[in-house]
Amino acid sequence: MNEQQIHTEVLPNGLTLVMEKMPAVQSAAFTMLVPAGSIYDPQDEYGTSSVLADMLTRGAGDRNSRELSSDLDNLGLQRSESAGTSHITLSGATLADNLPEVLRIYGDIVLRPQIPDDQFEAAREGALQSLYALEDEPRQKIFSELKQRCIEKPWGRPNEGTIEGVEKLTNQTLKSHYQRNFRPNGAILGIAGNIDFKNVQEIVQQVFGDWKPQDPPALIPEETGPKWDHIEHDSAQTHIGISYDSITYSDPLYFAAWASVSILSGGMSSRLFTEVREKRGLCYSIYASHSSMKQLARVLCYAGTTNERAQETLDVTLAELQNLSTGITGAELDRCKARAKSSLVMQQESSYSRSSSIARDWHHLGRVTTLNEVQDQINALTVPRVEAFIESHPAEDFTILTIGPRMLEKRI
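Note that the coordinates shown come from a computational prediction; the quantities given were computed from them, not determined experimentally.

Conventions adopted
Residues numbered from 1 in each chain as written. Predicted model: local features only at pLDDT ≥ 70, side-chain atom pairs only at ≥ 80, totals over all residues. Heavy atoms only, no water. Pairing = 2+ DSSP bridges. Helix = DSSP H or I, 4+ residues; strand = E, 2+ residues; numbered from the N terminus. Axes fitted to C-alpha atoms, helices over the stretch in contact; angles between N-to-C directions. UniProt positions renumbered as here; feature names shortened; annotations may be inferred. Parallel < 35°, antiparallel > 145°, perpendicular 65-115°, else oblique. Left-handed = near helix turned anticlockwise from the far one by under 90°. Contact = heavy atoms within 4.5 Å. Nonpolar A, V, L, I, M, F, W, Y, C, P; charged D, E, K, R; others polar. Buried < 20%, exposed > 50% of the residue type's maximum accessible area, 1.4 Å probe, protein only.

Just to check I follow, could you spell out the sheet that holds strand β6 (residues 78-83) for this structure?
Pairing between the strands of a sheet comes from backbone hydrogen bonds, and it takes one of two forms, parallel or antiparallel. If you walk across this open sheet you meet the 6 strands as β1-β2-β8-β3-β7-β6, and the pairing is mixed. Unpaired on one side and paired on the other, β1 (5-10) and β6 mark the two borders of the sheet. When the angles between neighbouring strand axes are averaged without regard to direction, this sheet yields 10°. For strand β2 (residues 16-21) and strand β8 (residues 188-193), the ladder comprises 6 bridges, and the chain directions are parallel. Bridge pairing links Met 19 to Ile 191 in β8.

Quick look at the structure:
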């Protein structure tokens, strides 16, 4: 892969600017991580950061909501705003020539949002509609509920909030959350594409240089839910969520952890798909993923099946997780490597993907991992190395949650 051109700078106010030059593309993209995610939501008002993320683009600076949307659309910006566990994320991609004007508008969005009172009810109602819809989608709901049971709060809080929490919100809650949490120290701005480092650096300094730092609010740890739990739901289907501990993205063994989960669930030739779905026909959907925050990581598994086959699906899935280190073949690992290399090539061609990756790298590692470094880590994976990782970090101490008409038996 071509050598990447990366430049990093920390402004005097603490804002970290990470840039990657991509001469072969015509676009430019940005990803801004502001430390105002769900871990900072007020107690019993879960959903504050989620609704605030929506409100940020409903008027900023001298532009009202309609003028702001129109100006961003005129610049051809494809954008998104969302609340995650640690950050509110603002991101977008456009033609490289339009990036300076886009950054100036986002200076208003981040530093001078109107958070208008007359838009609040619409934003809150939209959030509530999404939460009500989640109640009818147990396949999606189970991950939000599982997270609350397997990850210590505040990191285990639902990013989208709760119905009870959003119903309690006022627009003043959002304004207080903004005032308390939006700060440059701890914020990360990743920019990638056909850019000039010096020009972008000057614009970012002009736009965000006066942003005042402040101390981060304290986080208050809370208890997690039970490790074996059930949510009754009258349905012909049972949804099964399983979680166990893993290592974070910053751990030197991370790529071995990634490979172990990829062997479990990387494509239609993976262990879970072939052993649980294809050979036994126990479920219609099954997969696993590695979820890493800065502080902790979990493997999350899902299986959707009929009520009649739910118990056997759970038993067989747990057996596959516990026997993962048995009989790993070179062919299995080679398929994982091929998927990872394909993903790397696609990342190299997407400014949007790169802006997100370099911002995420800085959050997790305090530096940017080059694609060549990632490729070297993948090439270094061997079957004995993956087996050794699984032996030292076995799938155990499960958190299990089911949604369906009846609770399953605990046989582990």
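Please explain the UniProt feature "domain: Peptidase M16 N-terminal" (unreviewed entry) in the chain as it appears in this structure.
UniProt marks residues 18-152 with the feature "domain: Peptidase M16 N-terminal" (unreviewed entry), using the numbering shown here. Secondary structure over residues 18-152 splits into 47% helix and 22% strand, and the C-alpha atoms at its two ends are 30 Å apart.

For this particular structure, what's the right way to read the packing of helix α2 (residues 65-74) against helix α3 (residues 99-111)?
If you want to describe how two helices pack, look at the angle between their axes and the distance between the axes. Where α2 meets α3, the closest approach of the two axes is 11 Å, and the angle between their N-to-C directions is 150°. Considering the angle they form, α2 stands roughly antiparallel to α3. Between α2 and α3 lies a crossing whose hand is left-handed. Where α2 approaches α3, its residues Leu 68, Asp 71 and Leu 72 are matched on the opposing element by Ile 105, Tyr 106 and Ile 109. Residues that form the contact of α2 with α3 fall into these classes: 5 nonpolar, no polar and 1 charged.

Sorry, what's going on with the UniProt feature "domain: Peptidase M16 C-terminal" (unreviewed entry) in the chain here?
According to UniProt, the "domain: Peptidase M16 C-terminal" (unreviewed entry) feature falls on residues 168-338. Taken end to end, residues 168-338 is 39% helix and 23% strand, and its two terminal C-alpha atoms sit 48 Å from one another.

Explain the pairing of strand β3 (residues 27-34) here, please?
On a regular strand, each side chain points to the face opposite its neighbour's, so the side chains alternate between the two faces of the sheet. Across the 8 residues that make up β3, a large majority, 7, are buried. Summarising the sheet, β3 and strand β7 (residues 88-95) pair through 8 bridges and their orientation is antiparallel. Directly across from Met 32, in β7, lies its bridge partner Leu 90. As paired elements, β3 and β8 share 6 bridges and run antiparallel to each other. Across the sheet, residue Phe 30 finds its bridge partner in β8, namely Ile 191.

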